[in-house]
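Structural description and commentary
Here is what each chain is made of, one letter per residue.
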Amino acid sequence: MKNSYDVIIIGAGAAGLFCAFNTANKGKSVLVLDHANKVGKKILMSGGGRCNFTNLNTTADDFVSQNRHFCKSALSQYTAYDFLSLVEKHNIEYVEKSAGQLFCKHSSKDILNMLLNECASAGVKIYKRCEIDKISSKENGFEISSTLGMFVSKCLVIATGGLSIPTLGASGYGYDIASQFKHKVIETSPSLVPFVLKEKNLLRIKDLSGVSLPVEMQIIRGNSELIRDDLLFTHRGLSGPAVLKISMNWHKGEGISINLLPSMDLGEYIETEKEEHGEQLVSTCLSRIIPKRLAIKLCEENFENVRIKHLKKTDIEKLSKRIHSWEIYPESTEGYRTAEVTLGGVSTDQISSKTMQSSNVPDLYFIGEVLDVTGQLGGYNFQWAWSSAWCASEAINKNN
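The number of helices and strands found in the protein chain is 13 helices and 21 strands. Structurally, the protein chain occupies a C-alpha span of about 85 × 40 × 35 Å along its principal axes. A separation threshold of at least 6 residues defines the contact pool for the protein chain, and within that pool the share at least 24 residues apart is 73%. Taken as a whole, the protein chain presents about 18,100 Å² of accessible surface, with 47% of it coming from carbon and sulfur. For the protein chain, the centre of its 45 positive side-chain charges and the centre of its 44 negative side-chain charges are spaced 4 Å apart.

Here you go:
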């Protein structure tokens, strides 16, 4: 027996659920199919459990894609302020942690519950633990064979996300569907992801796991972007917002230059301290301006038990280079296991930037992370989910 719907959405993540209720609110019958045993797992873990659900300063410049203009239309059609209005309608308390970055004040569950409540009110059906065997394009739509039976629909929306964090159910199924319908898939890679260091470098920082501090960093190549944010030392290498951001543009083999003290000139600071506190140890002097464990580590090789009054000009230069221009060559990233997003995906060449509809197959749509549109750290990827889903929903309701 075939179950017929106006719209079937594959993927019950942020984009899929948002598209579902916005489409159903216009009178369409909507079914969401997902292979996981629980919907919205990635929403729940995002933002440290608080869900950085948007960024008020979102622009197209915050995204990476082979077509950097592709996201402009969707972001203008449904803005961060539009989504914020929905959040406020549901009386969800939120906080702005840094410029434009909005988080739930209490829990990511608030956003997931909002999406599920909207779906319930609109009459959306959500089927979990559904494995899809085959998708076929028919004259009047699509036929889907699955472990839960046969389904048919006029429109099909692919909202399967990317490959990041497979423990939450991520898979490359959306790319398989795209390939089936002759869409090009841009090579994927993990992004917004921590760095893993070589063993010899890990030995040098092994005592620093858990230490965090504000830094400036950039890839050692011409015209690379300067990133300003926090760095976190880990037992495997480097993490923190600064590292996640720079991972968007890093390629294996490239070095990273890190300024561990961007707020002041170390040489000037030491000269002042020599005059006022010349008897203090170099490590003590440094621990006033950087974390103590890091200060001790930086002094181990050449400046252990050395008093600052004994520092020569060449010593200060050596120490300044170590702090202001620390160069590190990551061995790799931690991969999809911990990556927040997937770089690459379904090429935008055959997708309408206004509607997210395929130019290859009528009434086939791709939304969210499955597309070759990847946002920086800070709520941008959620906003892309909302905006692209909104565009698809509007197009479906207008065209059908």
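Right, picking up where we left off after that structure.
With that settled, consider the packing of aromatic side chains. As enumerated under the stated definition, the model contains 16 aromatic pairs in all. Centroid distance F18 to F83: 5.9 Å. Interplanar angle 55°. Geometry classified as tilted. Here the residue F18 occupies a position in helix α1 (residues 14–24), and F83 occupies one in helix α4 (residues 80–89), the gap between them amounting to 65 residues. Of the two residues examined, F18 and F83, each falls in the buried class. The interplanar angle of 55° and the centroid separation of 6.0 Å between the aromatic rings of Y127 and F151 together place this pair among those described as tilted. Pair noted here: Y127 is in strand β7 (residues 125–127) and F151 is in strand β10 (residues 149–158), with a separation of 24 residues, a long-range link. Y127 gets classed as partly exposed once you look at its relative accessible area, which sits at 28%. An aromatic cluster of at least three residues, connected via ring pairs, comprises F18, F21, F53, Y78, F83, Y94, F382, W386 and W390. In this structure, K97 is placed above the aromatic ring of F103, and the distance from its NZ or CZ to the ring centre is 4.5 Å.

Let's shift gears to the sheet that holds strand β13 (residues 212–219). One open sheet accounts for 7 strands, arranged β17-β16-β13-β14-β15-β12-β18; its pairing is antiparallel. The open sheet has two edge strands with one neighbour each: β17 (326–328) and β18 (332–333). Inspection of the sheet shows strand β16 (residues 256–259) paired to β17 by 3 bridges, in the antiparallel sense. Note on β17: the bridge partner recorded for I256 is I328.

In this section: the pairing of strand β14 (residues 227–233). Sheet topology places β13 next to β14; 6 bridges connect them, and they run antiparallel. Within the sheet, the bridge partner assigned to P214 lies in β14 and is D230. Where β14 lies against strand β15 (residues 237–239), 2 bridges are found, and the strand directions are antiparallel. Considered in β15, the bridge of L232 is made with S239. Taking the residues that link successive antiparallel strands as the turn, the β14-β15 hairpin has 3 residues.

The sheet built from 3 strands is open, its strands ordered β3-β6-β5 with antiparallel pairing. Lying at the two open borders of the sheet, with one neighbouring strand each, are β3 (52–55) and β5 (94–96). Going across the sheet, the axis of each strand differs from the next one's by a mean of 25°, ignoring polarity.

Right, let's get into helix α12 (residues 313–324). Here α12 is 12 residues long and its end C-alpha atoms lie 16 Å apart, about the 16 Å a rise of 1.5 Å per residue gives. If you check which residues of α12 are buried, you get I316, L319, S320, I323 and H324. Seen from one end, α12 has its buried residues packed into an arc of 115°, which puts them on one side. Along α12, exposed side chains directed more than 90 degrees from the buried face belong to T314 and K321. In this structure, the buried residues of α12 make contact with β16, α9 (266–277), α10 (282–286), α11 (292–299) and β17.

For the rest of this paragraph, the subject is unusual backbone geometry. Non-glycine residue L192 carries a positive phi angle of around 50°. Relative to the helices and strands, L192 is located in the loop between β11 (185–191) and β12 (195–196). Positive phi, close to 60°, is recorded for N223, a residue that is not glycine. Its relative accessible area of 86% is what places N223 among the exposed residues.

Attention shifts here to the nonpolar core. Ranked by internal contacts, the top residues of the largest apolar core, which has 81 residues, are F83, I111, L371, W384 and W386. If sequence neighbours within four positions are ignored, W386 has contacts with A14, F18, F53, Y78, F83, I111 and L115. Among the nonpolar cores identified, the runner-up in size contains 41 residues, and M217, L238, Y269 and L298 belong to it.

Rules of the game
- Residues numbered from 1 in each chain as written.
- Predicted model: local features only at pLDDT ≥ 70, side-chain atom pairs only at ≥ 80, totals over all residues.
- Heavy atoms only, no water.
- Helix = DSSP H or I, 4+ residues; strand = E, 2+ residues; numbered from the N terminus.
- Contact = heavy atoms within 4.5 Å.
- Areas by Shrake-Rupley, 256 points an atom, 1.4 Å probe, with all protein chains shown as cover.
- Lys, Arg positive; Asp, Glu negative; His and termini not counted.
- Charge placed at Lys NZ, Arg CZ, Asp CG, Glu CD.
- Phe/Tyr/Trp six-rings, centres within 6.5 Å; stacked < 30°, edge-to-face > 60°.
- Buried < 20%, exposed > 50% of the residue type's maximum accessible area, 1.4 Å probe, protein only.
- Lys NZ or Arg CZ within 6 Å of the ring centre and 35° of its normal.
- Pairing = 2+ DSSP bridges.
- Axes fitted to C-alpha atoms, helices over the stretch in contact; angles between N-to-C directions.
- Expected span 1.5 Å × (residues − 1).
- Arc of directions from axis to C-beta.
- Core = buried A, V, L, I, M, F, W, Y, C linked by side-chain atoms within 4.5 Å.

Coordinates in, geometry out; function isn't part of it.
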